[in-house]
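Survey of secondary and tertiary structure
This is what each chain is made of:
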Amino acid sequence: MKDNYLDGLNEAQREAVVNTDGPCMVIAGAGSGKTRVLTYRIAHLIKQGAEPFSILALTFTNKAAKEMKERIGNIIGGSEAKNIWMGTFHSIFARILRAEADKIGYPQNFTIYDTQDSKNLIKTIVKEFGLDDKLYKPGIVYNRISSAKNNLIGAQSYLNNATIMGDDRSNGRPRIGEVYMAYQTRCFRAGAMDFDDLLFKTNVLFRDHADVLYKYQHRFKYLLVDEYQDTNYSQYLIVKKLAALNENLAVVGDDAQSIYAFRGANIQNILNFKKDYPDYKLYKLEQNYRSTQVIVEAANSIIKNNTEQIKKNVWTSNDEGNRIKVIKALSDNEEGKLIANDIYDIQQHYNAKALDFAILYRTNAQSRSFEESLRRLNIPYKIYGGLSFYQRKEIKDLLSYFRLIANHKDEEAFKRVINYPKRGIGKTSVDHMIIKANEHKVSLWEIASNMQQYQLPINAGAQKKIGEFTAMMNSFKSRLEETDAYDIAKEIASVTGMTKTLHDDKTPEGVSRYENIQELLNGIKEFSDKNKEEDKLVTLPDFLIDVALLTDADNDKPEDKDKVALMTIHAAKGLEFPYVYIVGMEENLFPSQLSLNSRTDLEEERRLFYVAITRAEKKLTLSYATTRYRWGNLISCESSRFIEEIDEKYVDNVTIFDPKPMKKPSSSKEAAFKMKFSSPKKENLKKVSAVTSSSAGGGSDNKDFVVGLKVAHAKFGKGKIVNIEGAYPNRKATVFFPNVGQKQLLLKFAKLDIIE
DNA sequence: AACAACGGGCTTTTT
DNA sequence: GCCCGTTGTT
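Residues numbered from 1 in each chain as written. Chains lettered and ligands numbered in written order. Predicted model: local features only at pLDDT ≥ 70, side-chain atom pairs only at ≥ 80, totals over all residues. Heavy atoms only, no water.

What follows concerns the packing of helix α18 (residues 393-406) against helix α23 (residues 485-495). Contact geometry for α18 and α23: axes closest at 10 Å, N-to-C directions at 115°. Here α18 is positioned roughly perpendicular relative to α23, judged by the angle of their axes. Here α18 and α23 pass one another in a crossing that is right-handed. Where α18 abuts α23, its residues Leu398, Tyr401, Phe402 and Ile405 lie against Ala489, Ile492 and Ala493. (Axes fitted to C-alpha atoms, helices over the stretch in contact; angles between N-to-C directions. Helix = DSSP H or I, 4+ residues; strand = E, 2+ residues; numbered from the N terminus. Parallel < 35°, antiparallel > 145°, perpendicular 65-115°, else oblique. Left-handed = near helix turned anticlockwise from the far one by under 90°. Contact = heavy atoms within 4.5 Å.)

Close to DNA strand C lie Lys123, Lys127, Arg368, Trp631 and Gly632, which account for all nearby residues. The sugar and phosphate moieties of DNA strand C supply 42% of its atoms located within 4 Å of the protein. (Near = heavy atom within 4 Å.)

Right, let's get into the environment of Lys436. By the element assignment, Lys436 lies in helix α20 (residues 427-440). Remark: the alpha-carbon pair of Lys436 and Ile447, spanning 11 residues in sequence, is separated by 7.1 Å. What Lys436 contacts, discounting residues up to four positions off in sequence, is Ile447, Tyr454, Gln455, Leu456 and Pro457.

What follows covers α18. Taking 1.5 Å of rise per residue, 14 residues should cover 20 Å, and α18 covers 20 Å from first to last C-alpha, within 8% of that figure. The buried count for α18 comes to 13 of 14 residues, which makes it a mostly enclosed element. (Expected span 1.5 Å × (residues − 1). Buried < 20%, exposed > 50% of the residue type's maximum accessible area, 1.4 Å probe, protein only.)

Here we come to the pairing of strand β12 (residues 564-568). Each regular strand carries side chains that alternate between the two faces of the sheet. Of all 5 residues making up β12, 5 are buried, and the element is well covered by its neighbours. Alternating positions in β12 separate into two faces, Val564, Leu566 and Thr568 on one and Ala565 and Met567 on the other, with burial throughout. Looking at chain direction, strand β11 (residues 381-383) and β12 are connected through 3 bridges and run parallel. By the bridge assignment for β12, Ile383 is matched with Leu566. (Pairing = 2+ DSSP bridges.)

Pairing in this open sheet of 6 strands is parallel, and the strands run β3-β2-β6-β7-β1-β8 from one edge to the other. Each edge of the sheet is formed by a strand with only one pairing partner; in this case those strands are β3 (85-88) and β8 (281-285). Looking at each pair of strands side by side, their axes are set apart by 15° on average, direction ignored.

What follows covers the nonpolar core. Buried together is how nonpolar side chains tend to be arranged in soluble globular proteins. Counting 53 residues, the largest nonpolar core has Phe402, Phe414, Met433, Phe469, Leu520, Ile524 and Leu540 as the members making the most contacts within it. Sorting elements by how many residues they give to this core places α18 first, with 8 residues. Leaving out residues up to four positions away in the same chain, Phe414 has contacts with Leu404, Met433, Leu444, Trp445, Ala448 and Phe469. Leu223, Leu237, Ala243 and Ile545 belong to the second-largest nonpolar core, a separate cluster that totals 44 residues. (Core = buried A, V, L, I, M, F, W, Y, C linked by side-chain atoms within 4.5 Å.)

Next up on the list: the packing of aromatic side chains. All chains considered together, the criterion is met by 20 aromatic pairs. Seen in terms of ring centroids, Tyr158 and Tyr180 are 5.5 Å apart; in terms of plane orientation they differ by 85°. Their pairing is edge-to-face. Of this pair, Tyr158 sits in helix α7 (residues 155-160) while Tyr180 sits in helix α9 (residues 176-189), and the two are 22 residues apart along the sequence. Overall, the relative accessible area of 1% leaves Tyr158 in the buried class. When the centroid spacing of 5.7 Å and the interplanar angle of 35° are considered together, the rings of Tyr260 and Phe262 count as tilted. Under the relative-accessibility criterion, Phe262 is labelled exposed at 59%. Through successive ring pairs, a cluster of aromatic residues spans Trp85, Phe206, Tyr216 and Phe220. Positioned above the aromatic ring of Tyr420, the side-chain terminus of Lys393 is 4.1 Å from the ring centre. Directly above the aromatic system of Phe60 lies the positively charged group of Lys573, at a separation of 4.4 Å from the ring centroid. (Phe/Tyr/Trp six-rings, centres within 6.5 Å; stacked < 30°, edge-to-face > 60°. Lys NZ or Arg CZ within 6 Å of the ring centre and 35° of its normal.)

Right, here's the structure in full:
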């Protein structure tokens, strides 16, 4: 290990790294080297003689954990870093619960229900209760249950809690508590935990089994928690209990970046730390190494509009940098084009790579206009989030087989695969099984494997098929613990008929589904190879624990490296990019309409904006559209209040799109129409000039461009058209500019003048 | 029992 | 505008 590893740290960072004993809190401003402190602190611990497996580090994402492990490995050398307990709350405690499952009455191979599974189950229960499913929407009920669990309120306590029940009653949903109760019963019967249960049940385990708690208190001599501002009560209590023995607890976070209150994160955890640990040490990291002065100061000017926060002074010694550019567009589609053009321009002039850019938005639904315009300009991009790989139907289907084999009681998995691929077990048969299962309060599997005993009223043919199905599942089950995960997974995919069914489907979707299955199997192979130790086998249940908690962000593929990143601001947390675009800066979108009713919600939106701004290293651009399609309707939008909140001196003139009538059908025509008939609204922005950026300007393919024509471009100078391809309105010209070389230009964007 | 056509609801954000 | 689930059709 390098001995001078502490040299690269500033004083505040070094203090936070070397003072390893006792409770401490590190308040780390955006870009101040928080991860650096965490990794060095852990490396330092090991250097001081701490055993890697006595260190527990809880992170917010698996990706963060993985990267941190690598960085620690680089500092200390060797393979010791592998033994550190590092991961998300959910994945670490899922592992611990698996080891201790019998203590709380769960099977060792319990299933982890994802949100979709949970909502399906809730829907089933709501139906069984005969409740109005318009009123008791699965999403709403799920959120109520989730927030109860995050505050450690079980189903019975929920029913006993006058305030909560009163809220439900006044919202016209008095029976959510009962649904909660039934939901818990059914999850338990299915041997399943949802995401929140992983934390809830950990609390139960530690509460009811002092010996177990004691064991882990001893094992984990050093605790570190990243993104502490985003922990909820349930997580807080786990940490508190685990740390109680040694009190070697370091929490790291930034109250200004708390953006998960909506799912139960509690800012008070950070504000109350000193109450739990009066003799704690506080370190503040205030020097920003990431961004220009303009960006840092602009972010400061935003966040000071919030009332509740820990005082700190984030500063930087970096260059002043460009001012923040604000782009106004006439429609969501124009917004997409302007941003794509801007990226294209910067790529051309500053030799920037695609991976230097990020487009950040408030909601996933906004991505489309950017996808389209980037694709037109041949700029590679990658969308993060949205429908994850693991949520695709074919993937969930195969995973359901794995789940059902590992845990026969898993109801959601059972229902998914009992007749997929088609094996002649129809809806009627399944409905009969469900009725029997509810009647006897047992799992579907129990019914299916004892059809006579439960007098299942279905014909012999169907019974035979069900019998074959359970026999097949059983034969896999018996080999599960002694077969390598990849080997058995491949066999399951094939024997169940999934591989063949998908392979036979020659539609493009079918082909892609088949490829996805292959990719999942490859992923299992990789997982198996990576985790193999001496003569210990990596089994399918090992993989299942992992996969339930994986997200797309966790498997970056190499070919995705040099691409413009499109993602929600939430997903961008912890990342940084030289050029950042925050788009859709409009009232009711950002800040979200739902946040406007309460001050605390609005403050969370503002922190979200703060997070977005501070992702930028060199240049920040904001954009908004004056009209936008929402649910298929064109609506008009006002610019976001957040733009006004930025200190004026950091904001550059608004770039206005020249509202020249465009020769294009549909949306833009309507946009132009709107523009014409709505009187100019009071402008939110003070400085307005009619600047048109080169490519963003009134470029429109309405001229008679032909090969051989000499043209002039605002930035590239004079040139000659050497080729034109594509059809109007997407005609693309190849133009040779003596000054800059050959360029591909989309005629409808490029502002080209014909010279001769 | 399987597929096509239709209609409703949705837009926060994620482990 | 799109996705999903339900309904209607053979």
